[in-house]
Amino acid sequence: MECLRMRQTYSYIGDLTDFLIQNEQRIKNLMIDYEIQSKVDTLPDGREVKSLMFTKQNVNVRFMPNRIDYTFSFPTPSTDPNSVYAAVKDYFKLFSEIFYDVKAQRIAIVSQGFIKNNENEAISDFTKKMGFTSVFGMSNELHFKINNPKTIFEPINSVLNIDMGEAKNNKTQEVMKVLLVSIDVNTLAANNVARFNPRNFDADFRELFDEVEAKHVELIRY
């Protein structure tokens, strides 16, 4: 099955409250050519912190008390994911030159896309090849989630989630039935040591990226 990619998000996750409070203006200076939105939240300890969201073309960067998310929306499904990885790497290289000491407890990549499911063809193909049809009979609904935990540079979760949904063609306004695909590869929440620094982006994210791409290859087989 062909999975048409929509977006990828690269995340640094952890306690970033002090960083956000102390560096609001410096973050805005870094993102000077982006459109900005902000939201003030009150933390459990009573402090107020402003979350910041920046948008430019197909890029969205969010700074929140518990994470930094860089989301790249694919201009076309055929956009090379390696070029997306390179663009994110370049961004965090610049970021780390300004904010040298930022560290997070976890990192993650979430890749989202869809498989066309007209007349439930994708559901039929998937359930047959996975052996579900021979056991349970024909299906017209599918909700599928599997985590393949493994150890690369450290233990990770590697989650594939497939669910039913719809996609809209912005040019033709056509709405079609699809299977929504999410691949979420992340380090474990149990390890809360602050050890991920954006200046080491490639060393930290490369194997997560390779795991995402391996999951996409497996999807194509079905």
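Described below are features of the structure shown in this document. Keep in mind that what you see is a predicted model, and the values were worked out from it rather than measured.

Cut-offs applied
Residues numbered from 1 in each chain as written. Predicted model: local features only at pLDDT ≥ 70, side-chain atom pairs only at ≥ 80, totals over all residues. Heavy atoms only, no water. Helix = DSSP H or I, 4+ residues; strand = E, 2+ residues; numbered from the N terminus. Buried < 20%, exposed > 50% of the residue type's maximum accessible area, 1.4 Å probe, protein only. Contact = heavy atoms within 4.5 Å. Areas by Shrake-Rupley, 256 points an atom, 1.4 Å probe, with all protein chains shown as cover. Lys, Arg positive; Asp, Glu negative; His and termini not counted. Charge placed at Lys NZ, Arg CZ, Asp CG, Glu CD. Phe/Tyr/Trp six-rings, centres within 6.5 Å; stacked < 30°, edge-to-face > 60°. Expected span 1.5 Å × (residues − 1). Arc of directions from axis to C-beta. Pairing = 2+ DSSP bridges. Salt bridge = Lys/Arg side-chain N within 4 Å of Asp/Glu carboxyl O.

1. Observations concerning the overall build of the chain
Looking only at helices and strands, one finds six helices and ten strands in the chain. Counting only C-alpha atoms, the chain reaches 60 × 45 × 35 Å along its principal axes. The proportion of buried residues among the 222 residues of the chain is 45%. Excluding contacts between residues fewer than 6 apart, the proportion of contacts in the chain whose partners are at least 24 apart in sequence is 67%. Approximately 12,000 Å² of the chain is accessible, and the part contributed by carbon and sulfur atoms is 49%. The distance from the centre of the 27 positive side-chain charges to the centre of the 30 negative ones in the chain is 1 Å.

2. Considerations on the packing of aromatic side chains
The way to describe two aromatic rings as a pair is by their centre distance and the angle between their planes. For the coordinates displayed, the defined rule picks out 22 aromatic pairs. Measuring from centroid to centroid gives 6.0 Å for F19 and F95, while their planes differ by 70°, and the two rings are edge-to-face. You can see F19 sitting in helix 1 (residues 17–22) and its partner F95 sitting in helix 3 (residues 81–98), a full 76 residues away along the chain. Each member of the pair, F19 together with F95, is buried. An angle of 75° between the planes, with centres 5.3 Å apart, marks the rings of F126 and F144 as edge-to-face. Placement of the pair is F126 in helix 4 (residues 121–129) and F144 in strand 7 (residues 144–147), with a sequence separation of 18 residues. Of the two residues, F126 and F144, both sit in the buried class.

3. Comments concerning helix 3
With 18 residues, helix 3 should reach 26 Å at 1.5 Å per residue; the first-to-last C-alpha distance of 26 Å fits that figure. Regarding helix 3, the residues found buried are P81, V84, Y85, V88, Y91, F92, F95 and S96. The buried side chains of helix 3 occupy one side of the element, clustering within an arc of 135° when seen end-on. Considering only its buried residues, helix 3 is in contact with strand 1 (4–13), helix 1, helix 2 (24–30), strand 4 (59–64), strand 5 (67–73) and helix 6 (201–221).

4. Here's the deal with the pairing of strand 1
Most of strand 1 sits inside the fold, with eight of its ten residues counted as buried. The pairing of strand 1 with strand 6 (residues 106–116) spans nine bridges and is antiparallel. In the strand pairing of strand 6, Y10 is matched with I109. The pairing of strand 1 with strand 5 spans seven bridges and is classified as antiparallel. Bridge pairing in strand 5 links Q8 to F72.

5. A look at the pattern of salt bridges
Under the criterion given, the structure shown has 16 salt bridges. Here K50 makes a salt bridge to E24, at a shortest N to O gap of 3.2 Å. Of this pair, K50 sits in strand 3 (residues 48–56) while E24 sits in helix 2, placing them 26 residues apart in sequence. For K50, a relative accessible area of 28% translates into the label partly exposed. With a shortest N-O distance of 3.9 Å, D202 and R206 are connected by a salt bridge. Taken as a pair, D202 and R206 lie in helix 6 at a separation of four residues, close to a single helical turn. Looking at R206, the relative accessible area reads 30%, which means it is partly exposed. In the salt-bridge network here, residues are joined through shared partners; they are K89, D202, R206 and D210.

6. Topic: unusual backbone geometry
With a phi close to 55°, E119 is a non-glycine residue in the positive phi region. Since its relative accessible area comes to 73%, E119 is described here as exposed. The phi angle at N120 is positive, at roughly 60°, despite the residue not being glycine. Summarising the element assignment, N120 is placed in the loop between strand 6 and helix 4. Under the relative-accessibility criterion, N120 is labelled buried at 17%.

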